[in-house]
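Single-letter residue listing:
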Amino acid sequence: MEDRVRVMVVGGGGREHALVWRLLRSPSVTHLVATTPNPGFPERVHVDPASEIEAIVAVARRHEVDLVVVGPEAPLAAGLADAVEEAGFPCFGPRAAAAALETSKAFAKEIMRAAGVPTATALVVDPTDPAQLLAAEERCRRGRVVLKADGLAAGKGVVVCREGEEALEALRTMSRFGEAAARVLLEDLLEGPEVSLFALSDGERTIALPSAQDHKTLLDGGRGPNTGGMGAYAPCPLVDRQTAGAWVQQLHQPVVEELARRGTPFRGVLFAGLMLTEDGPRVLEYNVRFGDPECQALMALWEDDPVPWLLGAARGMLPNGEPVFAEGSACCVVLASAGYPETPRKGVPIPRGEEPEGVVVFHAGTAVDPQGRLVTAGGRVLGITGRGADLEEARCRAYAALPSWAFEGEQHRTDIGGGAR
Ligand code: AMP
Ligand code: GLY
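Residues numbered from 1 in each chain as written. Chains lettered and ligands numbered in written order. Predicted model: local features only at pLDDT ≥ 70, side-chain atom pairs only at ≥ 80, totals over all residues. Heavy atoms only, no water.

Chemist: Any details on the pattern of salt bridges? Residues and values, ideally.
Modeler: Evaluation of the coordinates by the stated rule reveals 27 salt bridges. Across the salt bridge formed by R139 and D188, the nearest N and O atoms sit 3.1 Å from each other. Here the residue R139 occupies a position in helix 7 (residues 130-141), and D188 occupies one in strand 9 (residues 184-188), the gap between them amounting to 49 residues. Since its relative accessible area comes to 9%, R139 is described here as buried. Taking relative accessible area as the criterion, D188 reaches 30% and is therefore assigned partly exposed. A salt bridge links D415 to R413, with the shortest nitrogen-to-oxygen separation between them at 2.8 Å. (Salt bridge = Lys/Arg side-chain N within 4 Å of Asp/Glu carboxyl O. Helix = DSSP H or I, 4+ residues; strand = E, 2+ residues; numbered from the N terminus. Buried < 20%, exposed > 50% of the residue type's maximum accessible area, 1.4 Å probe, protein only.)

Chemist: How would you sum up the environment of H363? Please name residues and give values.
Modeler: With respect to the helices and strands, H363 occurs in strand 19 (residues 359-363). Between the C-alpha atoms of H363 and A326, which are 37 residues apart in sequence, the distance is 23 Å. If near-sequence neighbours (up to four positions away) are discounted, H363 is found in contact with G13, G14, H17, N38, P39, G40, L374, V381 and L382. Here T366 takes part through its side chain, which lies 3.0 Å from a polar atom of the side chain of H363. (Contact = heavy atoms within 4.5 Å. Polar contact = N/O pair within 3.5 Å; in protein donor to acceptor, adjacent residues only side chain to side chain.)

Chemist: Which residues make up the nonpolar core, and what values do they have?
Modeler: M8, V68, L101, V255 and Y286 are the most contacted members of the largest nonpolar core, which has 70 residues in total. Not counting residues within four places of it along the chain, the set of residues in contact with V255 comprises L101, I111, A115, V117, L270 and Y286. Ranked by size, the runner-up nonpolar core spans 44 residues in total, among them L23, L209, A212 and L298. (Core = buried A, V, L, I, M, F, W, Y, C linked by side-chain atoms within 4.5 Å.)

Chemist: So what about the packing of helix 5 (residues 96-103) against helix 6 (residues 105-115)? Which residues, and what values?
Modeler: Where helix 5 meets helix 6, the axes come as close as 6 Å, and the angle between the chain directions of the two elements is 100°. One way to sum up the angle between helix 5 and helix 6 is to call them roughly perpendicular. The segment helix 5 lies against helix 6, with A97, A100, L101 and T103 engaging K105, F107, A108 and I111. Here the contact of helix 5 with helix 6 is built from residues that sort into six nonpolar, one polar and one charged. (Axes fitted to C-alpha atoms, helices over the stretch in contact; angles between N-to-C directions. Parallel < 35°, antiparallel > 145°, perpendicular 65-115°, else oblique. Nonpolar A, V, L, I, M, F, W, Y, C, P; charged D, E, K, R; others polar.)

Chemist: Could you give me a rundown of the sheet that holds strand 22 (residues 380-388), with the residues and numbers involved?
Modeler: As summarised here, the arrangement of the five strands in space is 12-15-18-22-19, forming an open sheet in which the pairing is antiparallel. Of all the strands in the sheet, just strand 12 (213-214) and strand 19 have a single pairing partner and so form its edges. Where strand 12 and strand 15 (residues 231-234) come together, two bridges link them in antiparallel fashion. Within the sheet, the bridge partner assigned to D214 lies in strand 15 and is A232. Taken strand by strand, helix 1 (residues 14-24) contacts strand 19 and strand 22, and its axis lies near 130° from that of strand 19. Strands in contact with helix 13 (residues 391-401) are strand 15, strand 18 (329-336), strand 19 and strand 22; relative to strand 22, the strand with the most contacts, it is inclined by about 140°. (Pairing = 2+ DSSP bridges.)

Chemist: Quick one: what's the story with the site of ligand 1, residue by residue and with numbers?
Modeler: Around ligand 1 lies a shell of 14 residues, among which K148, E187, L190, E194 and E285 are the nearest. K148 places a side-chain nitrogen or oxygen 2.8 Å from an oxygen atom of ligand 1. The backbone of D188 places a nitrogen or oxygen atom 3.0 Å from a nitrogen atom of ligand 1. Protein chains shield 84% of the accessible area of ligand 1, which is 470 Å² for the free molecule. Among the elements of the structure, strand 7 (145-149), strand 9 and strand 17 (280-287) are those that each provide at least two residues to the shell around ligand 1. For the shell around ligand 1, the residue count by class is seven nonpolar, no polar and seven charged. (Near = heavy atom within 4 Å. Areas by Shrake-Rupley, 256 points an atom, 1.4 Å probe, with all protein chains shown as cover.)

Chemist: Quick rundown of the pairing of strand 16 (residues 267-277)? Include the residues and the values.
Modeler: Within strand 16, eleven of the eleven residues are buried, which leaves the element mostly enclosed by the surrounding structure. Where strand 16 and strand 17 come together, seven bridges link them in antiparallel fashion. Note on strand 17: the bridge partner recorded for A272 is Y286. Two successive antiparallel strands, strand 16 and strand 17, enclose a turn made up of two residues.

Chemist: Which residues make up the site of ligand 2, and what are the values?
Modeler: As a matter of local geometry, ligand 2 sits amid D214, G228, F271, N287, R289, G291, D292 and E294. One of the backbone nitrogen or oxygen atoms of D292 is found 3.0 Å away from an oxygen atom of ligand 2. For ligand 2, whose accessible area on its own is 200 Å², the fraction buried by protein is 86%. Considering only residue class, the shell around ligand 2 consists of one nonpolar, three polar and four charged.

Dropping the structure here:
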């Protein structure tokens, strides 16, 4: 049956365009339906728009799919995988109970402790409890501490503090994150380069994918405000395929086993954000999905048929061996709107540029306006992704194609894949 598979992809950003692009190159995929429109999707994609869980399940039924691939975390946290599986469809992406690894940092910390995964030591407090608040203030005064709101806070709930005073100030203002800060984590501050490490999981076993690195700040050299990610490349030279495999056994596999023990198996892709400290890798966070834009770089490199891997993970039976990735590198440079990340400008016409050999352009925040023009429709607009025999060639290809797509006011970094993060 694996040679004729009908797939549904949920989500319509750059990550999902990359998934769709790769899946359409699979010899197994006979039908591909997407629930969110994206002007970058080729005509072969059937777009059947749905956003509520019930409606998404109805699309799966209507298109008689064999596999549902969920891109973003929000629908997973809301129980989409639970509903999809209960309706009888294999889902690549965990149920809500396991998705809590991403939606609650306190839960992730507890699982890491139980599983013996190396991570920063943390104090978890309820700031409304006077005794716990006192302990938190005590920890803040010692400095070198990272304050984190427990829940999702639009990527803004983390404050890195070197000095005691700034930590106390951060603690006092944590309540601005509302319900997400009902619990607050106070973590030891770690130092070192950051790497994204992904593992496919079928609920019992894990298989490593190549490492990647993203660039979170808006401006070159790690300056400016944090964003969803201004670019990414893979693999990261600090973590070769063999090291990735060893680290996944140490950092992902025990978590998958702990979740299985608790009766909430993790099926999908488990993404660990790591810091490479002098004492070895430490997990900063888990996400329950592919990274965006890391996924764009990974999909550009994936060589063998991804369907047996994604379907195997979803069905609880990953194949033996390892997926095959190209020897070289991929580099995804994001073109963002004017005003991003605060107030991205929408409706700006985008020239339809070139996609020369070794380049693929993923649409993240585009739309077609009533005049039929391609226009900006979000913060991160396009991901110009180059592939090459090495990182330098991949970078050069992406940057050479970029000017042909440049729209008014666009922002991009010039140092993606260049070391400075
Ligand atoms: P998180 O959402 O937990 O990944 O945190 C967001 C960012 O904050 C990370 O990408 C790091 O740059 C930084 N960060 C998080 N935890 C720590 C830590 N324990 N020490 C130093 N920096 C951290
Ligand atoms: N690029 C980081 C993330 O997707 O969370």
